[in-house]
Amino acid sequence: MAKDASFDIISEVSVEEVKNAIQQTTKELTNRFDFKDSTVEIKLENTNKLVVLSDDEFKIEQIKDVLFGKLNKRNVPIKNIHFSETEHALGGKARQSADLVNGIDRDNGKKITTAIKNEKLKVKTQIQEDQIRVTGKSRDDLQAVIALLRKLDLPIELQFTNYR
């Protein structure tokens, strides 16, 4: 009897890559003419919260554009960065914070498992804390699950690991 094949569905952000992208963004923006004599501050707090501080909302959007470009080059999923509303800080500055989402929460886990079950493929899904394991006898079914999940519209980006 053949052994079952499996893979894990995860959603995570590499903190080291985020730190590197922040460093590159800060370096680039300090050299840009349109940010001369402006406040540019990007901080990572508690490894899961990003804070952007600048003179106004327009400059914050520009900082985010540069940061997203650097994050894309480092394969960091932008969908996993959830920004809140811009708030006004002391000294007439503007601040915006973002949560770095790691793991698959219960609601998204249920959406994923329901979508897989609705396809009626011969696979089993098992939610394991913040990831989902999919097992099946046929690798073709597992490939179909991956193709299905890539089409799903979720607020987080999924990665597929431990394909055996």
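For the structure, check the block above.
Now for a quick tour of the structure. Owing to the predicted nature of the structure, the values given are computational and were not obtained by experimental measurement. (Residues numbered from 1 in each chain as written. Predicted model: local features only at pLDDT ≥ 70, side-chain atom pairs only at ≥ 80, totals over all residues. Heavy atoms only, no water.)

### Digging into the overall build of the protein chain
Inference 1: A tally of regular secondary structure across the protein chain gives four helices and nine strands.
Inference 2: Seen in sequence order, the protein chain has helices and strands lined up from the N terminus as β-α-β-β-α-β-β-β-α-β-β-α-β.
Inference 3: Taking 15 Å as the expected radius of gyration for a compact globule of 164 residues, we find that the protein chain reaches 20 Å, considerably beyond that expectation.
Inference 4: Projected onto its principal axes, the C-alpha coordinates of the protein chain cover approximately 70 × 25 × 25 Å. (Helix = DSSP H or I, 4+ residues; strand = E, 2+ residues; numbered from the N terminus. Rg over C-alpha atoms; globule rule 2.2 N^0.38 Å.)

### Notes on unusual backbone geometry
Inference 1: At Thr 47, a position not held by glycine, the phi torsion is positive, near 55 degrees.
Inference 2: Within the element layout of this structure, Thr 47 appears in the loop between β2 (40-45) and β3 (49-54).
Inference 3: Among the residues examined, Thr 47 registers a relative accessible area of 46% and is labelled partly exposed.
Inference 4: Even without a glycine there, the phi angle at Glu 129 is positive, about 55 degrees.
Inference 5: You can see Glu 129 is positioned in the loop between β7 (123-128) and β8 (131-136). (Buried < 20%, exposed > 50% of the residue type's maximum accessible area, 1.4 Å probe, protein only.)

### Looking at the pattern of salt bridges
Inference 1: What the rule picks out here adds up to eleven salt bridges.
Inference 2: Salt-bridge contacts for Glu 41 lead to Lys 43; the nearest nitrogen and oxygen are separated by 3.5 Å.
Inference 3: Taking the shortest distance from any N to any O, the salt bridge between Asp 55 and Lys 93 comes out at 3.0 Å. With a gap of 38 residues between them, Asp 55 in the loop between β3 and α2 (57-73) and Lys 93 in the loop between β5 (87-88) and β6 (94-100) connect regions that are remote in the sequence.
Inference 4: Linked by salt bridges that have partners in common, Glu 41, Lys 43 and Glu 45 make up one network. (Salt bridge = Lys/Arg side-chain N within 4 Å of Asp/Glu carboxyl O.)

### Concerning the sheet that holds β7
Strand pairing in a sheet is mediated by backbone hydrogen bonds. Such pairs are either parallel or antiparallel.
Inference 1: Spatial strand order, β7-β8-β1-β9: four strands in an open sheet with antiparallel pairing. Two strands in the sheet have a free side with no partner beyond their single neighbour: β7 and β9 (159-161). Neighbour to neighbour, the strand axes of the sheet diverge by 25 degrees on average, direction disregarded.
Inference 2: Direction of pairing for β7 relative to β8: antiparallel, over a ladder of six bridges. Bridge pairing in β8 places Ile 127 opposite Ile 132. (Pairing = 2+ DSSP bridges. Axes fitted to C-alpha atoms, helices over the stretch in contact; angles between N-to-C directions.)

### Considering the environment of Val 123
Inference 1: Looking at where Val 123 falls in the secondary structure, it is placed in strand β7.
Inference 2: For the pair formed by Val 123 and Thr 47, sequence separation is 76 residues and the distance between their alpha carbons is 35 Å.
Inference 3: Those residues in contact with Val 123 that lie beyond four places of it in its chain are Ile 116, Val 134, Thr 135, Gly 136, Asp 141, Leu 142 and Val 145. (Contact = heavy atoms within 4.5 Å.)

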